[in-house]
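Fold and contact review
One-letter residues, chain by chain:
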There are 2 protein chains.
Amino acid sequence: MKILKVPESTIVRLSMYSRYLTKKYRIGIKQISSDDIAEGVGVKSPVVRKDLAYFGEFGIRGVGYNTLSLNNNILKILNLDLEWNIALVGLGSLGRALASYEGFIKRKLIIKNIFDNDPKKVGTKINGIEVLSTECMENEIWKNRISIGIISTPAFAAQETANSFVKAKVKAILNFAPIALNVPSYIEIRNVDLSVNLEVMSFNMSYK
Amino acid sequence: MKILKVPESTIVRLSMYSRYLTKKYRIGIKQISSDDIAEGVGVKSPVVRKDLAYFGEFGIRGVGYNTLSLNNNILKILNLDLEWNIALVGLGSLGRALASYEGFIKRKLIIKNIFDNDPKKVGTKINGIEVLSTECMENEIWKNRISIGIISTPAFAAQETANSFVKAKVKAILNFAPIALNVPSYIEIRNVDLSVNLEVMSFNMSYK
C-alpha cells in the first residue's frame, strides 16, 4: 500500500537531485540552495522545493540545504540507503552494457547474478561475475536473495524469464525486451523502451 | 516556440499507444476502444481520452477509434510520419546495443552513421553500417543531414562529442553518458540515466 501519492516525475527528479548532490559533496560543497540544485539538473527551483516538500522540511529558509544530509534523506526516501541485489538475464549487447554499467554500482544497485542460455557464454565472466546457465536461475536467485530482476533477453524469451523471476520471489522486474509482460500485481514492473526518448525529442523538435 | 503546452508524460504515453495500435492493426483489429488501449498499455481509460483530447477529436463516442487512422494521427503528432536520420558516437557495449536496437528502425528512427575513435573499430560494420573515425564526424553528419545525435561515449568524451554535434547542426542530442552537457538552448537535449528506472522501482517497492 502506498502511503503517499507522489508523482512519478518527482521520484525521477529526486534521483537526479541525489546524483547532483553526491557530485557537489565530493568537490567540497557542504551547503547548497534549491536554485543551485535546480540549475544543476535543469529544472526550475520551485519544482525542487515542491518535490522535497512531499517528504518534509529539509532546508533552512535563506540558508539552503546541508548537501550531505539532504542527499542521505533522499537516498532513504528512494530506499537506496541499503543495497539491492539484482539478477540480469540475457547477455546480448544490451545485457552486456547493463552488466557493466557504472551508474548502478554507484547507487548501491548490485548485480549479483548474470544468466544466459548460450553455452558459449556460460562460464565466462563479466566484471568478475560468472555467467550462469538460465537452468539454475530460480535456485540461484532464491539463494542470493535477489530483489530485482532485469530482463534483457529477446522478446520471445521474456515472459518465460519473468515467470522464473516470479517463482524465485523477486520483488521487481525491469524489462528491456520489447514486449508487455504478465506478472502478478504484487510485482513492481517497469518496461523500458529505448525509442520512447527519441520519440519525445521528435515531438519537441516539431514545436521548436 | 511551443504551440501547445502538453505534459511530457502525455507524449511518452502517445508513443506507447502508437506501438500498441501498430500491433493491434497488424493482427487485424480495425476498430478499438479507449478501454482496450488503456488496458493494453497499463493506464486508466480517462487518461487515454485526455491525452488524445490535447490534439483533437479522433474517435466516435460509443464506437471508438479507427486503429489505423488513430495511429497515423499519433505518428503525425510525434513527428514520426517521416524518417529521422541519426548518428551514434561511441561504440562501447551500450553503443553496440543501441546501434542494433530493433525498436528504432520500426519507428523510422534510422541510424545512418556510427563513429568511434578506436582504430580497431573503425572500418568494421554494424548492421551494414561502416564505423567511421570520429575525425570525420562533423563533415559526415552535415553531409548526411543528421537530425539527431546519440552520445554513448564515456563521460570524459561526451562534451566534445556534443560540441561536434552542435557544429554539424544536429537538432537534438540523446545523451547516455553519465554527465550533464552544455549545449545551446535551441538544441533539444535528453539525458538518459539507466539507473533512474531502478531507483523509481526501489521507491515504489518501499510502499508495497
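Located above this text is the structure these notes cover.
Take the interface of chain A and chain B next. Contacts between the two partners involve 57 residues from chain A, matched on the other side by 57 residues from chain B. Buried surface at the junction of chain A and chain B, summed over both partners, amounts to about 5400 Å²; 66% is from carbon and sulfur atoms. At the junction of chain A with chain B, the criterion picks out two salt bridges. With a closest N to O distance of 3.3 Å, arginine 19 of chain B and glutamate 199 of chain A form a salt bridge. Across the chain A-chain B interface, the total number found is 20 residue pairs in polar contact (both at pLDDT 80 or more). When residues of the side of chain A that touches chain B are traced back to their parent elements, those giving at least two are helix 1 (8-26), strand 3 (84-89), helix 5 (93-99), helix 6 (102-106), strand 7 (148-151), strand 8 (172-175), strand 9 (188-191) and helix 9 (194-206) of chain A. Per-element tally for the side of chain A that touches chain B: the top contributor is helix 9 of chain A, with 13 residues. Class assignment of the residues belonging to the side of chain A that touches chain B gives a composition of 35 nonpolar, eleven polar and eleven charged.

Attention now goes to the side chain of serine 164 of chain B. Its location among the elements puts serine 164 of chain B in helix 8 (residues 155-167). Among all residues touching serine 164 of chain B, those that are not within four sequence positions of it are Met137 and Glu138 of chain B.

What counts as what
Residues numbered from 1 in each chain as written. Chains lettered and ligands numbered in written order. Predicted model: local features only at pLDDT ≥ 70, side-chain atom pairs only at ≥ 80, totals over all residues. Heavy atoms only, no water. Contact = heavy atoms within 4.5 Å. Buried area = accessible area lost by both parts, 1.4 Å probe. Salt bridge = Lys/Arg side-chain N within 4 Å of Asp/Glu carboxyl O. Polar contact = N/O pair within 3.5 Å; in protein donor to acceptor, adjacent residues only side chain to side chain. Helix = DSSP H or I, 4+ residues; strand = E, 2+ residues; numbered from the N terminus. Nonpolar A, V, L, I, M, F, W, Y, C, P; charged D, E, K, R; others polar.

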